[in-house]
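# Descriptive structure summary
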Amino acid sequence: MVFLGLTRPTPASRRVAMDHGASRGYNYPEPHVGATRRAPHAPANDGVGGWRIADGPLASMPYARDATFVEIGRGAGDYARAKGMMRRWGHFQLGWSEVAPDTGVKEGDLVCVCANVAGVWIRNPLRVVYAEEAGPGRR
């Protein structure tokens with residue numbers, strides 16, 4: 001479910017979308033909640049392509065899936081900066097898409113992803129299903 005509007009969403013309109021989404025539950029079957037947690041980890045950089053969805057636990061699920069693994073830095077400093085960016089939802093702050101930077105990142109936290117597509121603002125209410133932290137140098 002999404003909510004549409006012609007103006008940038010306000011904090012109040014985001015809350016309405018999140019509350020409505022939370023009251024309706026997930027938009028997919030309960031057995032699929034958290035299924036990506038069981039997905040294979042990133043392959044070693046051995047020059048061979050990554051893993052294939054067809055071989056993993058998600059193969060029987062009827063959803064579009066994407067998995068991309070990219071090295072974004074090395075060492076504790078880069079890890080801390082990347083972790084801070086993720087906690088502020090920086091990967092969504094693109095001008096045409098956004099998540100309020102103070103949105104929680106813990107399991108169960110409600111999220112409202114907003115995006116401007118062809119002049120229409122979309123509010124997509126979501127929920128954090130799980131959060132994991134491997135630490136620097138670990139996968």
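### A closer look at the overall build of the chain
Each helix and strand counted, the chain has two helices and four strands in total. Counting over 139 residues, the chain shows a buried share of 24%. For the chain, the exposed surface amounts to about 9,600 Å²; the carbon and sulfur share of it is 57%.

### Details of the side chain of Ser97
Tracing the backbone through its elements, the reader meets Ser97 in strand E2 (residues 97-98). A polar atom in the side chain of Ser97 sits 2.8 Å from the backbone oxygen of Phe92. Setting aside its immediate chain neighbours within four residues, Ser97 contacts Phe92, Cys114 and Ala115.

### Thoughts on the environment of Pro9
Examined against the element boundaries, Pro9 turns out to sit in the loop between strand E1 (3-5) and helix H1 (11-24). With a relative accessible area of 9%, Pro9 lands in the buried category. In sequence terms Pro9 and Arg123 are 114 residues apart; their C-alpha atoms lie 7.4 Å from each other. Those residues in contact with Pro9, other than ones at most four positions away along the chain, are Arg14, Cys114, Trp121 and Arg123.

### Details of the pattern of salt bridges
Evaluated as defined, the whole model comprises six salt bridges. Salt-bridge contacts for Arg14 lead to Glu98; the nearest nitrogen and oxygen are separated by 2.3 Å. Linking Arg14 in helix H1 with Glu98 in strand E2, this pair joins segments that are 84 residues apart in sequence. Taken together, the shared-partner salt bridges connect Arg8, Arg14 and Glu98 into one network.

### Section: H1
Between its first and last C-alpha atoms H1 spans 20 Å; for 14 residues at 1.5 Å apiece the expected length is 20 Å, and the two agree. Among the residues of H1, those classed as buried are Ser13, Arg14, Ala17, Met18 and Gly21. Down the axis of H1, the buried set is contained in an arc of 135 degrees. They therefore lie on one face. Away from its buried face by more than 90 degrees, H1 exposes Pro11, Ala12, Val16 and Ser23. Just downstream of H1, Gly25 is the residue with a positive phi angle, here 80 degrees.

### Some details on the sheet that holds strand E4 (residues 120-127)
For sheets, the rule is that strands pair by backbone hydrogen bonds, running either parallel or antiparallel. Taking strand neighbours across the sheet as the criterion, the four strands line up as E1-E4-E3-E2 in an open arrangement whose pairing is antiparallel. Every interior strand has two partners, whereas the edge strands, E1 and E2, have only one. Here eight bridges tie strand E3 (residues 110-117) to E4, and the two strands are oriented antiparallel to one another. For Val117, the partnering residue across the bridge sits in E4 and is Val120. Across the sheet, H1 is in contact with E1, E2, E3 and E4; its angle to E3 comes to roughly 120 degrees.

### Regarding the pairing of E4
Here E1 runs beside E4; their pairing, made up of three bridges, is antiparallel. Residue Gly5 lies in a different strand from E4, and its bridge partner there is Trp121. Connecting the antiparallel pair E3 and E4 is a turn made up of two residues, with Ala118 showing a positive phi of about 55 degrees.

### Details of the packing of aromatic side chains
Aromatic rings in a pair are described by how distant their centres are and how their planes are angled relative to each other. One pass over the full model with this rule turns up one aromatic pair. Pairing Trp89 with Phe92 gives two aromatic rings, centres 5.9 Å apart and planes at 45 degrees, and the pair type is tilted. Taking relative accessible area as the criterion, Phe92 reaches 22% and is therefore assigned partly exposed.

Rules and cut-offs
Residues numbered from 1 in each chain as written. Predicted model: local features only at pLDDT ≥ 70, side-chain atom pairs only at ≥ 80, totals over all residues. Heavy atoms only, no water. Helix = DSSP H or I, 4+ residues; strand = E, 2+ residues; numbered from the N terminus. Buried < 20%, exposed > 50% of the residue type's maximum accessible area, 1.4 Å probe, protein only. Areas by Shrake-Rupley, 256 points an atom, 1.4 Å probe, with all protein chains shown as cover. Polar contact = N/O pair within 3.5 Å; in protein donor to acceptor, adjacent residues only side chain to side chain. Contact = heavy atoms within 4.5 Å. Salt bridge = Lys/Arg side-chain N within 4 Å of Asp/Glu carboxyl O. Expected span 1.5 Å × (residues − 1). Arc of directions from axis to C-beta. Pairing = 2+ DSSP bridges. Axes fitted to C-alpha atoms, helices over the stretch in contact; angles between N-to-C directions. Phe/Tyr/Trp six-rings, centres within 6.5 Å; stacked < 30°, edge-to-face > 60°.

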